[in-house]
Amino acid sequence: MNTLIEKENNNVEQVLLYSKPAKYEETQEDNPKKTVLKLDSELKDFLKKLSEHTLGENIPFINITPNNTSIKTWISNLKNTYPQPYPRDVNDLLNTFRESLNSSSKQSKYNVCLILYKDLIILYHTKQTENLLDYDSIFRAGIIKTINNRILFSSYEKNRKWSKGHAKFWGIHLENLKWSNISDIILQIKLENFQYPLHLPLENNEIKNMILEENIKSDATIQIGTQTGIINKINLYGKNLTFNEFYQYYIDETQELNKHTEFYNTLIPITPTLDNYTHNKTSKTYIEDEKYIYKNKISKENRIHTKNHNKYTLTFTTSKYPGIKPNPAFLKQIYESIFTEKNLNLIHVGEAKSSTPLEIGNLKIYNQIKIDPEFKDTTKYLIKLIQKINPENQTILKDYYLTYLNENLKNHNLETLFTSLQTQITKTNLEKEFENKKLEKNKYVKYESQDAINTKPQEFAKTIKKHVKKSIKKDKLLKYAIIYGIEKNGHIKLTQNYNPQHLKLVEKETNKLLQEDQLEVTTNIREIKTEKGTIIIVYILPTII
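If you're wondering where the values come from, they're calculated on a predicted model, not measured in any experiment. (Residues numbered from 1 in each chain as written. Predicted model: local features only at pLDDT ≥ 70, side-chain atom pairs only at ≥ 80, totals over all residues. Heavy atoms only, no water.)

S.K.: Quick question: what am I supposed to make of the overall build of the chain here?
M.R.: Secondary structure summary: the chain contains 14 helices and 26 strands in total. For the chain, whose C-alpha radius of gyration is 33 Å, the value lies well above the compact-globule estimate of 24 Å for 545 residues. Seen along its three principal axes, the alpha-carbon backbone of the chain occupies a region of about 105 × 60 × 40 Å. The buried share of the chain, taken over its 545 residues, is 50%. In the chain, the proportion of contacts linking residues at least 24 apart, taken out of those at least 6 apart, comes to 62%. (Helix = DSSP H or I, 4+ residues; strand = E, 2+ residues; numbered from the N terminus. Rg over C-alpha atoms; globule rule 2.2 N^0.38 Å. Buried < 20%, exposed > 50% of the residue type's maximum accessible area, 1.4 Å probe, protein only. Contact = heavy atoms within 4.5 Å.)

Structure (structure tokens):
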């Protein structure tokens, strides 16, 4: 059982209790009152209850950084001089603790107290003046205990939330706090047509409800009645945070994602190392499926992390060294959520989180992704279009759709994920289709003979521009792809001798020509290789539809 004092030493050792009023009175004696206690059942019960109701986990005392650096000095002196501490250290510590309390807590009928024992120091605030060991009367306490030669800090708050003065006294930082234990949150808000910033104090449950009801959004906008404002910063225990800093803390804490993000960071170093530039010569890699992370290959013995979560499906996929690859079954699950009615809540643990998802078909991505409103409209339009056309015509448009996503998401890890969907699913499906002798007619795809392919990049770019312009009518995109190597009747006639290294130059030249003509589209050009030859696909990516 975890108690502050596990067992009583056979040797008689003193438990010292010092106390003084929580309010300084000039007319009264202010020296601490000293009481020598017995380690009896009453004291043991007091310590046991206190230890069982601390906030969160123990913190190494070395990580505690009080604003007043003398606090640690006094505590160190008290530990070293026990059982005969210097009166001045006792008095200075109690006085400083008393001064940290807010005005309503500084009352003569309350007390600040200090317990000293061989491996234990407790500094606490109680409403009692008589029974100072009444657990139910304690407002707050800081506890320093030595366990196995490690000095650890824990704390107690009666209302289970850190008070501002107590947190400031111990120098408690955001990373030491759990969401359920914070209070005194002040939002600084800029309202339209109002000259001065508005300071709005809220409790953690009030902020949580506003986020869940989308009155506070991930872009820092806040709805207050009929007024819309921007949250410029958030003050938490005297520290000013940007909205993004606070919002990430909120998501990580309330959704219990910290342990997964921390594990991701152990696999994928934030700071580049020499291995980042030589990783092609190493065999170190990681693989993920829906439930686990594996090292080198998928097997029960190679599992190194469990991705369990009660709300989200987690992804770690990244091309950053040493790389985490999604396995085909996991990719299929994501792919089906985009293009079928299967729902999936996905979150990338290595990216900034959001409580408001980006919806891509029935895939909901709970990461912060900056996108244009027109992108949302376009993706919804394309999904509906894919769902209503014949299945034999869907493959090319699904690959087109994933290409359009990658061009607009501007998020490295999610781009890697969607690129994996293309290379392992849609590309494979296209290769199979082009092994046939003929393609079905597709209303949204333009077929061009291999004769239209020019080995000179600049000339081929001019041909593509001409075909792209014919695919647009009155600012409406009629065709989404041009396939070179398909005859008008759908018969496949592959090219044999085109240099694939020219494609990037062709794409660059084509987009330059389209921009000069002020056409609101760009192209993405790729090749599909089969045993019989090569197909060249030009995707026409719109800014509007």
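S.K.: What am I meant to see in helix α2 (residues 70-81) here?
M.R.: Each α-helix winds once per 3.6 residues, and so residues spaced three or four apart point in a common direction. Helix length check: α2, at 12 residues, gives a terminal C-alpha distance of 16 Å against a target of 16 Å (1.5 Å per residue), a fit within 8%. Taken residue by residue, α2 has I71, W74, I75, L78 and T81 as its buried positions. Buried residues of α2, seen end-on, are gathered within an arc of 145° and therefore sit on one face of the element. Buried residues along α2 sit against α3 (87-100), β4 (111-117), β5 (120-126), β6 (138-147) and α4 (164-170). (Expected span 1.5 Å × (residues − 1). Arc of directions from axis to C-beta.)

S.K.: Explain a negative patch on the surface to me, please; I cannot follow it from the model alone.
M.R.: On the surface, a cluster of negative charge is made up of D372, E374, D377, D475 and E520. Inspection of the secondary structure puts E520 in the loop between α14 (503-516) and β25 (521-530). The class for E520 is partly exposed, based on a relative accessible area of 46%. (Patch = residues over 30% accessible without salt bridge, like charges linked within 9 Å, V, L, I, M, F, W, Y side chains within 5 Å. Areas by Shrake-Rupley, 256 points an atom, 1.4 Å probe, with all protein chains shown as cover. Salt bridge = Lys/Arg side-chain N within 4 Å of Asp/Glu carboxyl O. Lys, Arg positive; Asp, Glu negative; His and termini not counted. Charge placed at Lys NZ, Arg CZ, Asp CG, Glu CD.)

S.K.: Looking at this structure, I do not really get unusual backbone geometry. What am I missing?
M.R.: Trans peptide bonds make up most of the peptide bonds, and negative phi angles are found at most residues other than glycine. Cis rather than trans, the peptide bond between Y82 and P83 has omega equal to 10°. Inspection of the secondary structure assignment puts P83 in the loop between α2 and α3. The linkage connecting Y321 with the following residue, P322, adopts the cis geometry, with an omega of 0°. Looking at the element boundaries, P322 is found in the loop between β16 (313-315) and β17 (324-326). Positive phi values are uncommon outside glycine, yet K410 reaches one of about 55°. Tracing the backbone through its elements, the reader meets K410 in the loop between α11 (394-409) and α12 (412-433). For K474, which is not glycine, the phi torsion reads 50° and is therefore positive.

S.K.: Just checking my understanding: could you explain the side chain of N411 for this structure?
M.R.: Its location among the elements puts N411 in the loop between α11 and α12. By relative accessible area, which is 7% here, N411 ends up buried. Side-chain polar atoms of N411 contact the backbone nitrogen of L414, separated by 3.1 Å. In this view, N411 contacts E351 and Q368; residues no more than four positions away in its chain are not counted. (Polar contact = N/O pair within 3.5 Å; in protein donor to acceptor, adjacent residues only side chain to side chain.)

S.K.: Just checking my understanding: could you explain the environment of V36 for this structure?
M.R.: Tracing the sequence through the fold places V36 in strand β2 (residues 33-37). Judged by relative accessible area, V36 falls into the partly exposed class, the value being 49%. Each C-alpha atom, one on V36 and one on L241, is 45 Å from the other, the two residues being 205 residues apart in sequence. The contact partners of V36, leaving out residues within four places of it in the chain, are Q14, V15 and L16.

S.K.: Please explain a positive patch on the surface as it appears in this structure.
M.R.: Together, K217, K376, K380 and K384 make up a region of like positive charge exposed at the surface. Positionally, K380 belongs in helix α10 (residues 373-388).

S.K.: Any chance you could explain the sheet that holds strand β21 (residues 445-448) here in plain terms?
M.R.: Across a sheet, paired strands are connected by hydrogen bonds in the backbone, their directions being either parallel or antiparallel. Spatially, the four strands line up as an open sheet ordered β21-β24-β26-β25, and their pairing is mixed. Edge positions in the sheet fall to β21 and β25, since each has one partner strand and no second. Adjacent strand axes in the sheet meet at a mean angle of 20°, parallel and antiparallel pairs treated alike. Note: β21 against strand β24 (residues 481-484), four bridges, orientation parallel. Bridging across to β24, E448 finds its partner in Y484. Where helix α13 (residues 457-470) meets the sheet, it contacts β21, β24, β25 and β26 (533-542), and its direction lies at approximately 135° from that of β24. (Pairing = 2+ DSSP bridges. Axes fitted to C-alpha atoms, helices over the stretch in contact; angles between N-to-C directions.)

S.K.: Would you explain the confidence of the model for the chain in this entry?
M.R.: Detailed reading of the predicted coordinates is not advisable wherever pLDDT falls low. Looking at the chain, pLDDT values average 88 and 94% of them are 70 or higher. Here residues 1-11 is modelled with pLDDT under 50, and outside its nearest four sequence neighbours on either side it reaches 24 contacts, counting other chains as well. (pLDDT = per-residue confidence, 0-100.)

S.K.: Could you clarify how one ought to interpret the pattern of salt bridges in this entry?
M.R.: Here the structure, examined in full by the defined rule, presents 17 salt bridges. Note that K342 is salt-bridged to E336, the shortest N-O span being 3.0 Å. Between K504 and E507 there is a salt bridge, with its nearest N and O atoms 3.8 Å apart. With K504 and E507 both in helix α14 and three residues apart, the pair spans about one turn of that helix.

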